[in-house]
Amino acid sequence: MAKREIKGDVILFPAPVVLVTCVDKNGKPNIITLAWAGVICSEPPMVSISIRPHRYSYLLIKEEKEFTVNIPTVDIMKETDICGTVSGRDADKFNLTKLTPEPAKHVGSPLIKECPVNLECNVKETMLLGTHEIFLAEVIAVHIDESVMTPAGRIDYAKAKPFSYNWGEYWSLKEKIGCYACSKK
Ligand SMILES: Cc1cc2nc3c(=O)[nH]c(=O)nc-3n(C[C@H](O)[C@H](O)[C@H](O)COP(=O)(O)O)c2cc1C
């Protein structure tokens, strides 16, 4: 089949959907939904997030230099969409969505209780790329809810129920089809 060339867009999927929390200088928390996020280093463990400078969360993260990344389940897809379509300038998104803030251990930004996996992050570098500024951050702690862990201490994705963002659409994971280095067996 013929392939159609598309210019001026980034079509790289699946992109993770994450809920990032941040705080203002008084400790008031906000949540922003992001899809431009990813793992960028194993040692030290680091992630990146890219945010448009006019977002309210951008100002908070730029100022406080910390955030948490929370991985939502399909059960809170609507709340996740709200956090990505309402600004913290206009509403308290914890109040609006009824998501529950929990104290983190190392940063002031709260964890989100309903998300089974949470990462605490300290910003190391930023770079304005164009429409978005990338934040490179060290992951200083990861929390995994035991309810989504296998007996071997891995994540049971059927229980963690993450979802992805694919060019404007949310898609859930379907099934496990292999594992790392299975081609060698
Ligand atoms: C699925 C999804 C992914 C998003 N990804 C990003 C992103 O990677 N970067 C960004 O700047 N905005 C992204 N947004 C938009 C922000 O989440 C949205 O503008 C939000 O309301 C900003 O909130 P704030 O003003 O409280 O910071 C995304 C929205 C959705 C729904």
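Residues numbered from 1 in each chain as written. Predicted model: local features only at pLDDT ≥ 70, side-chain atom pairs only at ≥ 80, totals over all residues.

### So, the pairing of strand β5 (residues 46-51)
- Residues Val 47, Ile 49 and Ile 51 point to one face of β5 and are all buried, whereas Met 46, Ser 48 and Ser 50, pointing to the other face, are not buried.
- Two elements, strand β4 (residues 37-41) and β5, share four bridges in a ladder whose sense is antiparallel. Within β5, the residue paired with Gly 38 across the bridge is Ser 48.
- In this antiparallel pair of consecutive strands, β4 and β5, the connection spans four residues.
- Sheet topology note: the β5/strand β10 (residues 133-144) ladder contains six bridges and is antiparallel. (Buried ≥ 20, exposed ≤ 12 C-beta atoms within 10 Å, placed from the backbone. Helix = DSSP H or I, 4+ residues; strand = E, 2+ residues; numbered from the N terminus. Pairing = 2+ DSSP bridges.)

### Here's the deal with the sheet that holds strand β2 (residues 18-23)
- Read from one edge of the open sheet, seven strands run β3-β2-β6-β9-β10-β5-β4, paired in antiparallel fashion. Two strands lie at the open edges of the sheet, namely β3 (29-34) and β4, each paired on one side alone. Averaged over all neighbouring strand pairs, the angle between strand axes comes to 35°, with direction disregarded.
- Alignment of strand β9 (residues 117-128) against β10, held across eleven bridges, turns out to be antiparallel. Pairing of Asn 122 across the sheet is with Glu 138, part of β10.
- Each of β2, β3, β5, β6 (66-71), β9 and β10 is contacted by helix α1 (residues 56-64), which is oriented at about 60° to β2, the strand it contacts most. (Axes fitted to C-alpha atoms, helices over the stretch in contact; angles between N-to-C directions. Contact = placed C-beta atoms within 7 Å.)

### Digging into α1
- Along α1, the residues that are buried comprise Ser 57, Tyr 58, Leu 60 and Ile 61. Angular distribution of buried residues about the axis of α1 spans 165°; they occupy a single face of the element.
- Close packing links the buried residues of α1 with β2, β3, β5, β6, β9 and β10. (Arc of directions from axis to C-beta.)

### Remarks on the sheet that holds strand β11 (residues 163-166)
- Here we have three strands laid out as an open sheet, ordered β1-β11-β12, and antiparallel in their pairing. Bordering the open sheet on either side are β1 (15-16) and β12 (169-172), each of which pairs with just one other strand.
- Pairing analysis gives four bridges linking β11 to β12, with the strands arranged antiparallel. Across the sheet, the residue bridging to Ser 164 is Trp 171, located in β12.

### So, the environment of Lys 28
- Positionally, Lys 28 belongs in the loop between β2 and β3.
- Classification of Lys 28 as exposed rests on a count of 12 C-beta atoms within 10 Å.
- Counting along the chain gives 64 residues from Lys 28 to Asp 92, while the straight-line C-alpha distance between them is 9.1 Å.

### Some remarks on the nonpolar core
- Core analysis: the biggest nonpolar cluster contains 33 residues, and Val 18, Leu 19, Val 20, Val 47, Ile 49, Ile 61 and Val 69 have the highest contact counts within it.
- Top contributing element to this core by residue count: β2, with five residues. (Core = buried A, V, L, I, M, F, W, Y, C linked by C-beta atoms within 7 Å.)

### Topic: the site of the ligand
- In the vicinity of the ligand lie 22 residues, with Trp 36, Ser 57, Gly 84, Ser 87 and Gly 88 positioned nearest.
- Secondary-structure elements contributing two or more residues to the shell around the ligand are β3, β5 and α1.
- Along the lines of polarity and charge, the residues of the shell around the ligand split into nine nonpolar, nine polar and four charged. (Near = placed C-beta within 6 Å. Nonpolar A, V, L, I, M, F, W, Y, C, P; charged D, E, K, R; others polar.)

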